[in-house]
Amino acid sequence: NDLESLIYEYITQYASDNKQTEDIQCFNMIIPSLKNYLINQSNNYPPKHTHLKPYALEFIEELSKEDNFVIYSFNYTNLYRFCHTSGIDIDSSKIRYVHGTLKENNMILGTKCNPLIKGDYIICQKPFQVNYQGTSLRDDIENAEIVYIFGHSLGSNDKDYFDDFFNSIIDNIR
């Protein structure tokens, strides 16, 4: 969230027409660098020095005992592999990756949409990226009986996914 927020801040406040080419070249270097970092981190999982299960995996283990659930991951790493490595039996079709994965080499990194972002900088917005695919997240949240949000920053760059959901809760409280 912080990286995407910084990219958004730069594009909306500091970017200039005469730096577009250089800026986009730098932006295009971020994803491969992030991918290499995450692959390195993933290869070191689980940590060899601990036998403790992270809270996220404990949560997923409990959730996997239910019949009807879907996990939307905003993370690029292979959640199914992490679960399997940790002894959690989960159906991989229950996991949906909102911003792509390392495994599929289709990572999406970018900012929220803003009509004021113009020129080459539009590629820095998630929906304008080649690998962008919509999900049924909004519909699934709207139709769910229970929604758990775990480990998500709920930052402004992913705000569009949750706006309707939180507004409906507020409307129901009033």
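Conventions used here
- Residues numbered from 1 in each chain as written.
- Predicted model: local features only at pLDDT ≥ 70, side-chain atom pairs only at ≥ 80, totals over all residues.
- Heavy atoms only, no water.
- Helix = DSSP H or I, 4+ residues; strand = E, 2+ residues; numbered from the N terminus.
- Buried < 20%, exposed > 50% of the residue type's maximum accessible area, 1.4 Å probe, protein only.
- Arc of directions from axis to C-beta.
- Contact = heavy atoms within 4.5 Å.
- 1 Å grid on protein atoms, 1.4 Å probe; cavity = no way out; pocket = protein on both sides within 12 Å on 5 of 7 lines; lining within 4 Å.
- Points joined across faces, edges and corners; volume = space filled by probe spheres on them.
- Nonpolar A, V, L, I, M, F, W, Y, C, P; charged D, E, K, R; others polar.
- Patch = residues over 30% accessible without salt bridge, like charges linked within 9 Å, V, L, I, M, F, W, Y side chains within 5 Å.
- Areas by Shrake-Rupley, 256 points an atom, 1.4 Å probe, with all protein chains shown as cover.
- Salt bridge = Lys/Arg side-chain N within 4 Å of Asp/Glu carboxyl O.
- Expected span 1.5 Å × (residues − 1).
- Polar contact = N/O pair within 3.5 Å; in protein donor to acceptor, adjacent residues only side chain to side chain.
- Core = buried A, V, L, I, M, F, W, Y, C linked by side-chain atoms within 4.5 Å.

Looking at unusual backbone geometry
Phi at asparagine 105 is positive, roughly 55°, even though this residue is not glycine. Checked against the element boundaries, asparagine 105 lands in the loop between β2 (95–97) and α5 (137–143). Residue class for asparagine 105 comes out exposed when judged on its relative accessible area of 51%.

Thoughts on helix α3 (residues 55–63)
Burial in α3 covers these residues: Leu57, Ile60 and Leu63. For α3, the buried positions fall inside an angular range of 120° around the axis, keeping them on one side. Where α3 is buried, its residues meet β1 (71–73) and α4 (79–85).

Focus: the layout of surface pockets
Volume-wise, the largest pocket comes out at about 1,600 Å³. Lining the largest pocket are 42 residues; nearest its centre among them are Ile71, Tyr72, Ser73, Tyr148 and Phe150. Looking at the lining of the largest pocket, the elements that each hand over two or more residues are α1 (2–13), α3, β1, α4 and α5. Looking at which element gives the most residues to the lining of the largest pocket, the answer is α3, with six residues. In the lining of the largest pocket, the residues fall into 26 nonpolar, 10 polar and six charged.

Regarding a nonpolar patch on the surface
Among the surface-exposed residues, Val147, Ile149, Leu154, Phe166, Ile169 and Ile173 lie close enough to one another that they form a single nonpolar patch of about 480 Å² accessible area. Within the element layout of this structure, valine 147 appears in the loop between α5 and α6 (159–173).

Comments concerning α1
Here α1 contains 12 residues, and its C-alpha end-to-end distance of 16 Å stays within 8% of the 16 Å for a straight helix at 1.5 Å per residue. Every buried residue of α1 is listed here: Glu4, Ile7, Tyr8 and Ile11. Buried positions in α1, seen along its axis, are confined to an arc of 100° and lie on one side of it. The exposed residues of α1 that point more than 90 degrees off its buried face are Asp2, Leu6 and Gln13.

Regarding the environment of threonine 77
Residue placement: threonine 77 occurs in the loop between β1 and α4. Taking relative accessible area as the criterion, threonine 77 reaches 10% and is therefore assigned buried. Along the backbone, threonine 77 and leucine 102 are 25 residues apart, and their C-alpha atoms lie at a distance of 5.9 Å. In this structure, threonine 77 is in contact with Leu38, Ser42, Phe82, Tyr97 and Leu102, ignoring residues within four places of it in sequence. Of note is the side chain of threonine 77, whose polar atom sits 2.9 Å from the side chain of asparagine 75.

Remarks on the pattern of salt bridges
Scanning the model with the defined rule gives three salt bridges in all. One salt bridge connects lysine 65 with glutamate 62, and the closest N-O pair in it is separated by 2.9 Å.

Brief notes about the nonpolar core
Ile7, Ile11, Tyr76 and Cys124 are the most contacted members of the largest nonpolar core, which has 13 residues in total. Contributing elements (two or more residues each) for this core: α1 and α2 (20–43). Apart from the residues lying within four places of it in its own chain, the contact partners of isoleucine 7 are Phe27, Ile30, Leu109, Thr111 and Cys124. Counting residues in hydrophobic clusters, the runner-up holds 11 residues, among them Ile71, Leu79, Phe82 and Ile95.

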